[in-house]
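Letter by letter, the chains look like this.
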Amino acid sequence: MPLPLLFALFLAFGLESAGPFAPLPNAELGRRVTATFGLVTLVSLASMGLGFWVSARVARSGHASQALRRGYSRCARILEILILVSFSAIIHQWEWPRVVRTALGRGSVTVVEEALILLPFVLMQLVSWWGLYPAEKKLRAGFGVTRTTGRGRYVMLRARQTLGLVLPVLVVFSLGQDLVSRQWPALAASAWALPFEVCLMGLLVLVLSPVFIRLAWPTRPLPHGPLRERLEHQAQRLGFRCSDILIWDTGQSVVNACVTGSLPRFRYVLLTDALIDCLNDHEIAAVFGHEIGHIAHRHLLYFGFFFLGSLGVLALLGEAIDPPLLALSNVLGGQSHPILATIIQAVMVLLTAGLYFLVVFGHVSRRFERQADVFGCRAVSCDRAECPPHHDLDRQPGRGSSATGLCPVGIRIFANALTNVATLNGMEFQTRSWRHGSIARRIAFLEGLEGKPEAVIRFQSGVSRLRAVVALVLVLAVLIALATGSVEHLR
Ligand SMILES: [Zn+2]
Ligand SMILES: [Zn+2]
């Protein structure tokens, strides 16, 4: 999920003040539009400066040092934050939504209005990618990537990657809301509206996400050859079905894989172009096995259920933080400043929800990644008790035997794949990722399982226990929220 886009959406639509709409005078309208585009220009100048500076440094010294790479990624992140701060100023200081509504007049379609409200952010992102392109090109060149993309194509690729997946969902959501509030105003006003909409959205996303992905990301089927044969053989051996294995063209900029869709008819496994070019077939098979693991253990379905059940938890949390929130807001003078009260409430709600997801979802997600890692090791392990010598189960098509345990070589192949993916993506080994945990710890965990089938069984039953307990708590939370009427807090 592209985090900056989510923040931008929250800035644009999360903090809307519900006051009556007053159109702006024409002169003021022009001034605010000019100021907004001035900011967009500033962002593009800053990113062009950074892109030019980094590419010039690389050109002068003939290579990209580690320090330069680190400095660049830090600056790029600061630029991302600057874009969000600018967008926040545009939305709240210059009341951009009011500008848009004044310009469009009454009775406009919500989707158009929302698209225009988001436009400054999208523009700033586009110009920043455009500006950073020379630096990205020079830094990628160091990784032995031969094929480079042109500037326009690079911007298109980034846009499709970050916006392509989220925006179609939002358009469907916003059109749906429009339809519901026009056709069934009573339903739109009821306490059930939000849970109902989220359920519907979840279903839609589950069914449509493969379609969106194919629209959003440039993909093509993996051509026939030894690699495809190996992966198909492995899939069949492990009882995994999907509608296709796709190469995801990222202009050699991403080394990654993913699986999408819970139903086999609408399920794709995506392997990026750089992953296929830089890893050997065994390592690709290990990554492929990791993705199969997510499906075999039904992680996607569980996450769907998790988000739905979390509505109950959030409703109860909302009920619980209401009284202290009111007290805090009064202490800070919220009674005389309604905007301040709104901001305090928004920040607190965001913090509570954020903390809940960070702790609970983060923990479940890291366990699931480990489970998929174990599955990936198993997918490339052999059935020999005395490995090495290792026996490649997917070399000759047609042999259907399947390993049930982990072998030392299988673990090594998977660890190498993980190491290569991390190095090629420029990740630090010790850095902990919220959803995946650090690479070093993932590898250490897998190496700890070598020759210990009982440790694997212990780990698997631990994950099953976690799943059951979290599910039970979520179901209880939903039931309590419905029974006590706390569900009203979701509105
Ligand atoms: Zn994974
Ligand atoms: Zn082996």
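Residues numbered from 1 in each chain as written. Chains lettered and ligands numbered in written order. Predicted model: local features only at pLDDT ≥ 70, side-chain atom pairs only at ≥ 80, totals over all residues. Heavy atoms only, no water.

S.K.: I would appreciate a short explanation of the overall build of the chain in the present structure.
M.R.: Tallying secondary structure elements over the chain gives 17 helices and four strands in all. Per-residue burial over the chain gives 44% buried out of 491 residues. Within the chain, contacts between residues separated by at least 24 positions form 76% of all contacts whose residues are at least 6 apart in sequence. Per element, the accessible surface of the chain, about 25,300 Å² overall, is 65% carbon and sulfur. (Helix = DSSP H or I, 4+ residues; strand = E, 2+ residues; numbered from the N terminus. Buried < 20%, exposed > 50% of the residue type's maximum accessible area, 1.4 Å probe, protein only. Contact = heavy atoms within 4.5 Å. Areas by Shrake-Rupley, 256 points an atom, 1.4 Å probe, with all protein chains shown as cover.)

S.K.: I'm lost on empty space enclosed by the protein in this one. Help?
M.R.: With a probe scaled to a water molecule rolled over the atoms, the places where space remains empty come into view. Counted under the stated rule, the structure contains three cavities of 30 Å³ or more. Lining the second largest cavity we find 14 residues, and of these R230, V380, H390, D392 and L393 sit closest to its centre. Among the secondary structure elements, those contributing two or more residues to the lining of the second largest cavity are α10 (226-237) and α12 (281-296). When its residues are assigned to classes, the lining of the second largest cavity shows six nonpolar, four polar and four charged. Summarising the domain contributions, the lining of the second largest cavity has at least three residues from each of domain 3 (221-292) and domain 4 (299-490). (1 Å grid on protein atoms, 1.4 Å probe; cavity = no way out; pocket = protein on both sides within 12 Å on 5 of 7 lines; lining within 4 Å. Points joined across faces, edges and corners; volume = space filled by probe spheres on them. Nonpolar A, V, L, I, M, F, W, Y, C, P; charged D, E, K, R; others polar. Domains from an automatic or database assignment.)

S.K.: Would you explain unusual backbone geometry in this entry?
M.R.: Glycine aside, residues mostly have negative phi angles, and peptide bonds mostly take the trans form. Backbone torsion omega between P388 and P389 reads 10°, so that peptide bond is classified as cis. Positionally, P389 belongs in the loop between α14 (338-379) and α15 (408-424). With a phi angle near 45°, E95 is a residue other than glycine that sits in the positive phi range. Unusually for a residue other than glycine, R298 sits at a positive phi of about 55°. Judged by relative accessible area, which is 54%, R298 ranks as exposed.

S.K.: What should I look at first to understand helix α2 (residues 26-61) in this one?
M.R.: Quick reminder: α-helices carry 3.6 residues per turn. Residues three or four places apart thus point the same way. Taking 1.5 Å per residue as the helical rise, α2 with its 36 residues ought to reach 52 Å, and the 53 Å between its terminal C-alpha atoms agrees with that figure. With its phi angle positive at about 85°, G62 sits one or two positions after the end of α2. (Expected span 1.5 Å × (residues − 1).)

S.K.: Sorry, what's going on with the environment of C382 here?
M.R.: Take C382: it is sitting in the loop between α14 and α15. The exposure class of C382 is buried, given its relative accessible area of 4%. Here the alpha-carbon distance between C382 and D394, two residues twelve residues apart in the chain, equals 9.7 Å.

S.K.: Looking at this structure, I do not really get the coordination of the zinc ion (ligand 2). What am I missing?
M.R.: Reference geometry at the metal: tetrahedral coordination by four donors gives ideal angles of 109.5 degrees; octahedral coordination by six donors gives 90 or 180 degrees. Looking at the zinc ion (ligand 2), the protein donor atoms are C382 (SG), C387 (SG), H390 (ND1) and C407 (SG), and they sit 2.0 to 2.3 Å from it. Around the zinc ion (ligand 2), the four donor atoms sit at angles spanning 104 to 116°, and that spread fits a shape best called tetrahedral. Between consecutive donors of the zinc ion (ligand 2), the numbers of intervening residues give the motif C-x4-C-x2-H-x16-C. Taken together, the residues span a long stretch of sequence, with H390 in the loop between α14 and α15 and C407 in the loop between α14 and α15 at a distance of 17 residues. With a relative accessible area of 28%, H390 lands in the partly exposed category. Judged by relative accessible area, C407 falls into the buried class, the value being 1%. (Donors = N, O, S within 2.8 Å, 3.2 Å for Na, K, Ca; no water. Tetrahedral: all angles 85-135°; square planar, octahedral: opposite > 155°, others 65-115°.)

S.K.: I'm lost on the packing of α12 against α15 in this one. Help?
M.R.: Think of two packed helices as two axes; the pair is described by the angle between the axes and how far apart they sit. Axis separation between α12 and α15 bottoms out at 8 Å; the angle between their running directions is 90°. Accordingly, the angle class assigned to the pair α12 and α15 is roughly perpendicular. Two secondary-structure elements touch here, α12 through H282, E283, A286, V287 and H290 and α15 through I413, F414, N416, A417 and N420. Looking at side-chain class alone, the contact of α12 with α15 contains five nonpolar, four polar and one charged residues. (Axes fitted to C-alpha atoms, helices over the stretch in contact; angles between N-to-C directions. Parallel < 35°, antiparallel > 145°, perpendicular 65-115°, else oblique.)

S.K.: Looking at this structure, I do not really get the coordination of the zinc ion (ligand 1). What am I missing?
M.R.: The zinc ion (ligand 1) binds to the protein through H290 (NE2), H294 (NE2) and E369 (OE), with metal-donor distances spanning 2.1 to 2.2 Å. Within one chain, the residues donating to the zinc ion (ligand 1) are spaced in sequence as H-x3-H-x74-E. Taken together, the residues span a long stretch of sequence, with H294 in helix α12 and E369 in helix α14 at a distance of 75 residues. By relative accessible area, E369 is classed as buried at 5%.

S.K.: What am I meant to see in the pairing of strand β3 (residues 257-260) here?
M.R.: Looking along a regular strand, one sees side chains alternate from face to face of the sheet. Along β3, one buried face is formed by A257 and V259 and the opposite face, lined by C258 and T260, is buried too. Inspection of the sheet shows β3 paired to strand β4 (residues 268-272) by four bridges, in the antiparallel sense. In the strand pairing of β4, C258 is matched with L270. (Pairing = 2+ DSSP bridges.)

S.K.: Even after reading the chapter, I still don't get the environment of C377, so can you show me in this structure?
M.R.: One can find C377 in helix α14. Put simply, C377 and A415 are 38 residues apart on the chain and 8.4 Å apart in space, counted from C-alpha to C-alpha. Beyond its immediate stretch of four places on either side in the chain, C377 contacts L406, G410, I411, F414 and L446.

S.K.: Can you walk me through the sheet that holds β4 in this structure?
M.R.: Consider a sheet: its strands pair through backbone hydrogen bonds, and that pairing is either parallel or antiparallel. One open sheet accounts for four strands, arranged β1-β2-β4-β3; its pairing is mixed. The open sheet has two edge strands, β1 (219-221) and β3, and neither has a second partner. Direction aside, neighbouring strands of the sheet carry axes that sit 30° apart on average. The pairing of strand β2 (residues 244-248) with β4 spans five bridges and is parallel. Bridge pairing in β4 places L246 opposite L270. Along the sheet face, α12 touches β2, β3 and β4 and points at about 30° away from the line of β3.

S.K.: Can you walk me through a nonpolar patch on the surface in this structure?
M.R.: A surface patch of nonpolar side chains, about 420 Å² in accessible area, is lined by F37, L104, V109, V112, L116 and L119. Considering each element in turn, the nonpolar patch owes the most residues, three residues, to helix α5 (residues 110-141). Mapped onto the elements of the fold, L104 is located in helix α4 (residues 96-104). (Patch = residues over 30% accessible without salt bridge, like charges linked within 9 Å, V, L, I, M, F, W, Y side chains within 5 Å. Salt bridge = Lys/Arg side-chain N within 4 Å of Asp/Glu carboxyl O.)

S.K.: I tried to follow the UniProt feature "transmembrane region" (unreviewed entry) in the chain on my own but got confused; where do I start?
M.R.: Under the UniProt annotation, "transmembrane region" (unreviewed entry) lies at residues 34-54, 75-95, 115-133, 162-180, 192-213, 300-318, 338-361 and 468-487. Secondary structure across residues 34-54 comprises 100% helix and 0% strand; the distance between its end C-alpha atoms is 30 Å. From the first C-alpha to the last, residues 75-95 spans 28 Å; its make-up is 90% helix and 0% strand. (UniProt positions renumbered as here; feature names shortened; annotations may be inferred.)

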